[in-house]
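Topology and contacts: notes
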Amino acid sequence: MTFRRATAGIALVLGLATTGVPAQAADPIKIGFFAPLTGNLANFGERFRESVQLFEEQVNAAGGIEGRKIEVIYEDDRNSPKEAASIAQKFANTPGLVFAVGSFSTTASLAAAPILTEAKIPQVSPSSSHPDFPKFSPYQFRQNTRQDKLAPLHAELVVDKLKGKKIAIPFFQDDWGQTTANLTKAAIEQRGGEVVLIEPIAPNARDFRPLVSKIKALNPDVIFLPVHYQEASAFVQQLRQAGVTTPIGSPDPLSNPKFLELAGKDAEGILLYTSFFADDPRVKAYVDAYKAKYNRLPDQYSALAYDSIAVGVNAIRTVLQSGKPLTGENVRDAIASAPAYEGLTGTTKYDDEREVNKKSTFIIIKNGAYVLY
Amino acid sequence: MELFLSQILNGLAIGQVYALIALGFSLVFGVANIINFAQGALFMLGAFIAYSAIAWFGLPLVPAAAVSVVIVAILGLLLERIALRPLIGAPYVAPFLSTLAISTIIDQSAEIVWSPESQPFPASISSTTFFIGNAYITVTDLVIFGFGAAATVALTLFVSFTWTGRALRATAQDASAAAQLGIRTDVMRQIAFGLAGALGALSGILVALYFQSVFPQMGIPFGLKGFAAALLGGLASIPGAVVGGLLLGIGETLASAYVGDSYRDAIAFTLLLLMLLVRPNGLLGGGRLDALGGAGAAAGAMPTTSLLASSSSQQSALRAYYLPPWGFLAVGAAFALVPLVVSSTYVLQALIYGFIFALLSASTSLVSGSVGILSIGQAAFFGVGAYAVGVFARPYGLPADATLAIAIGLTALVAVVAAIPLLKLTGHTAALGTLAIGQIGFLVFLNWVSVTRGPMGILNIPHPVLELLGGLRFATTEQKYWLVLGFAAVALVIAERYVSSPIGRVWRAIREDRLAALAAGLPVRRYILLAFAVSGALAGLAGGLFAYVQQVVSPESFTVETSILVLTMAVLGGLGNLTGAALAGFALAILPEFLRGFAEWRMIVYGLLLLVALRVRPQGLLGAR
């Protein structure tokens, strides 16, 4: 099968398979998916893929959309803008592909954006957090809430809930971490808090002792931690090891079962929020199905990817039911004008800027588990 | 003051970790004279095998560690046997590439076996921490320190006082002389690789204990630090590796403490480069390195071992195939017809990347092949070009003629400045110096937020407009295809003219024997700087075109992986052979698209293809020139 796929790829590259016949009504509806499935950020991309695959199976097991099956084309972009652009071209040259999910980081998503836009393929990214991402063109959507809408929540968490006056913010050095840290700093200062340290943590860094010593000397009342879970777990371990007991607040990426596993007892007491809470009875069906298939709990990223493809498939269904031709343009309009959709991570209702505003729940880590705060 | 002391202690703690990793490099470098890029992969495997032994088979820590050390040592032996032995007698760079290919295969296999996730390491030594005021040290630190010291002492004793150790050193100093005295140098090489594997596994396990987690991508960041430490201390010196590791640890900890955590690595690599300016042999690297052809410059003692030494002796036997300068125009003209036949923008996009990487690979071949300074930092120059376009195109509204000219000029300038610390270095030391340059470039892109916008990247780069052609705008994929093809073909013609001219001959003379070139009255340094300027100009053009094609510039495109990929292309094409470099660059850039069907096995297949290609044509596809 691998070999067949390889030869199919070669044929495509040679341009032999590109002049497709008009899609038959019984043909599967093609959906593109791209994310980092290998390399540095593969752990996130893998979460996306698992959910999208689960969704694909569930839809097809239920008879597809209006009797037509869906077929997701999975591609690995290695978080490289170059690969993302090539994948976008591949999608643009795949007849009948009307919707794409991806990618994880904004840069990979945006490298694909111009090509997908030109091909009139709507794109929903589960997690691109750059403030300008959906502004690129009317074809870009996302599932995560824009950071400036979350900043007041962060300030509330740090200043009101954790009673912080002097706050340290070590942040992850990517577009998400940088935006979050800067906006949160402004929001904290607006509420009368003081940010005594704001410093980036390099991706894949593991040694935080210099930073920990610095934080220890500054003696803040609260540490706000917009850092992905792998680096964050090493950070909190080294922080606690140094005898620093300062309370920690964090945004949603730490609501991840893997974080609990990695950080162990040092994760105790961290206060955070999430838009996806696995113990919520409303998401039980999904959590059970995911656990049965992959033998681990879903995290927020899996849930966001599930909602991303769900939004697209709903739009495709709307287009089919309306009797309009199934084109990327019509799917885009259907996504933009879709009624509020209750997903796993909250309500998706795109505003004029193609942004969502999802509600978050405060949770705290107690006895090695997330519980409602 | 107390903070300062506690930071020094922190630096020592991480420094000993680096020292352990550096030991593995030094050993292999000393004996086999090979930069073993797979050392990082062996290090990662050591940690993961110990992890599996504990988590899956329930072994206690010590037996698990022993199992892992033995397995990885055997893997080290196999690595030598499979990937390096067949390449004895091949050009110097072939084994280097071979270790790269192996490391790609191992890293990707680990992601498949253990999933890309971090795993908590299921054993720990002790969570006790001793406090001295605000400073602290943990029991784990002490244990690692104990192991590191014990390993160093044992290794030193072994190398100094046993017969095997002496034979190892003899092989390191002069392999052919040692062979004539009856030493089985092939066995010695194997022993060195086995030992390096064991050391790698040991340091991997200790690092896993230190950070309490393992992840499949851990080989690269720690491997880079290991290189830096080994280079700082003096390659091939055992005490040097330890001193280098500790100094690196302290230096970067202080940088993190007083400048900022994001500048940590940038400062560490800058210090390394500055140190190389003063002491090209490293702190404790002595004359032994000269015997290995590692250090020295035209001004100093310099043996005649160049990167291609063994290939030049074969040159009469192995023909190099290359195009005349106008040949690039002919090929370009043929490619210009493709969009008339093929309508798929997917194919065109893949070809565009092929052209850009052909250019980049040629720029690498110029310094690495023609002048013989192996460049593992070309991505930095590529990035400068891309950022030049990113910064000037939208805010200043400049047309593409202007931005590309800026990209070319600026990158040439940056390349010349970057080459200054390299002038005194040769061989592997120079290669590792370029690695540092590449890292510094990447870190500048990431951290100089006011200009590069850091991790946010520069978005919405406008479509290129050429004012010289009456404001011609290149908006569609086809139009960009012609733009890139045109620039690439012309640039390659110019580069090939350089290489075939008397200037190119001087470059090759410098590569073959720097001392002889100097003695013949050639201004060696000026010619090296010229080579970097031309190479930088090519890379800058490639970067500028890349920015226009991509419309997004962000640091991810300019990592060490890109540098390594580009060097791979240059070597595979045949060093110094621009035609070969362009062909290999083109082929390797579009190859991943062909391999998409292999899904997560893609990079493994890629690595295997590389190994096979090296085995069949160690002197490069079209032959070194």
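Residues numbered from 1 in each chain as written. Chains lettered and ligands numbered in written order. Predicted model: local features only at pLDDT ≥ 70, side-chain atom pairs only at ≥ 80, totals over all residues. Heavy atoms only, no water.

Some words on the side chain of Ser129 of chain A
Residue and element names in this part refer to chain A. Our working rule: Numbering of helices and strands runs from the N terminus; a helix is a DSSP stretch of H or I covering at least four residues, while a strand is a stretch of E covering at least two. Accessible area is worked out with a 1.4 Å probe on protein chains only. A residue is then buried under 20% of its type maximum, exposed over 50%, and partly exposed in between. Two residues qualify as a contact provided that any one of their heavy atoms is within 4.5 Å of a heavy atom in the partner residue.
Within the fold, Ser129 resides in the loop between β4 (123-125) and β5 (140-142). The exposure class of Ser129 is buried, given its relative accessible area of 5%. Sequence-distant contacts of Ser129, defined by excluding residues within four places in its chain, comprise Thr106, Arg142, Asn144, Gln147, Asp175 and Trp176.

Comments concerning helix α1 (residues 2-32) of chain B
Residue and element names in this part refer to chain B. Note the threshold: The span one expects for a helix is its residue count, reduced by one, times 1.5 Å.
With 31 residues, α1 extends 45 Å between its outermost C-alpha atoms, agreeing within 8% with the 45 Å of an ideal straight helix rising 1.5 Å per residue. By the criterion of burial, α1 is predominantly enclosed, with 24 of the 31 residues buried. Looking one or two residues beyond α1, the residue adopting positive phi is Asn33, at roughly 55°.

Looking at the domain arrangement of chain B
All names here are of chain B. We apply this condition: As annotated, the domain borders come from an automatic or database domain assignment. The term buried area means the drop in 1.4 Å probe accessible area that two parts suffer when joined, counted for both and summed. Whenever Lys or Arg places a side-chain nitrogen within 4 Å of a carboxyl oxygen from Asp or Glu, that contact is recorded as a salt bridge.
Domain parsing of chain B yields domain 1 (2-260) and domain 2 (309-616). Taking only C-alpha atoms into account, the centre of domain 1 sits 32 Å from that of domain 2. With 30 residues of domain 1 in contact, the opposing surface of domain 2 contributes 30 residues. Where domain 1 abuts domain 2, roughly 2500 Å² becomes buried across the two surfaces, and 84% of that area is made up of carbon and sulfur atoms. Our count for the contact surface shared by domain 1 and domain 2 stands at zero salt bridges.

A few points about the side chain of Thr403 of chain B
Along the polypeptide, Thr403 of chain B turns up in helix α18 (residues 400-419). Overall, Thr403 of chain B belongs to the buried group, its relative accessible area being 0%.

Observations concerning the UniProt feature "domain: Leucine-binding protein" (unreviewed entry) in chain A
Note the following rule: UniProt positions are given in the numbering used here, feature names are shortened, and annotations may be inferred rather than shown by experiment.
Within this structure's numbering, the places UniProt gives as "domain: Leucine-binding protein" (unreviewed entry) are residues 28-354 of chain A. Helix makes up 46% of residues 28-354 of chain A and strand makes up 17%, while its end C-alpha atoms are separated by 28 Å.

Things to note about the pattern of salt bridges
Applying the stated rule across the entire model yields 37 salt bridges over all chains. When the shortest N-O distance is used, the salt bridge between Glu189 of chain A and Lys185 of chain A registers 3.4 Å. Here Glu189 of chain A pairs with Lys185 of chain A, and both are found in helix α6 (residues 175-190), just four residues apart, close to one helical turn. On the accessibility criterion, Glu189 of chain A (39% relative accessible area) is partly exposed. Through salt bridges with shared partners, a single network forms among Glu75, Asp76, Glu83 and Lys90 of chain A together with Glu593, Arg596 and Arg602 of chain B.

Structural notes on the pairing of strand β6 (residues 166-172) of chain A
Residue and element names in this part refer to chain A. For clarity, the threshold we go by: One requirement defines pairing of two strands: DSSP has to find at least two bridges between them. A crossover counts as right-handed when, viewed with the strands pointing away from the observer, the path leading from the first strand over the helix to the second turns clockwise.
Across the seven residues that make up β6, a large majority, six, are buried. Pairing of β6 with strand β7 (residues 194-201), which is carried by seven bridges, proceeds in the parallel orientation. Note on β7: the bridge partner recorded for Phe172 is Ile201. Between the parallel elements β6 and β7, the chain passes through α6 in a crossover that is right-handed.

Section: the environment of Ala155 of chain A
All names here are of chain A. Locating Ala155 in the fold gives a position in helix α5 (residues 147-161). C-alpha separation for the pair Ala155 and Leu183, spaced 28 residues apart in sequence, amounts to 9.5 Å. Filtering out sequence-adjacent residues up to four positions away, Ala155 remains in contact with Asp160, Ala187, Ile188 and Arg191.

A word on the domain arrangement of chain A
Residues and elements named next belong to chain A. As far as domains go, chain A holds domain 1 (2-145 + 283-348) and domain 2 (147-274). Distance between the C-alpha centres of domain 1 and domain 2: 32 Å. With 15 residues of domain 1 in contact, the opposing surface of domain 2 contributes 16 residues. Each partner contributes to the roughly 1200 Å² buried at the junction of domain 1 and domain 2, and carbon and sulfur atoms together form 49% of this total.

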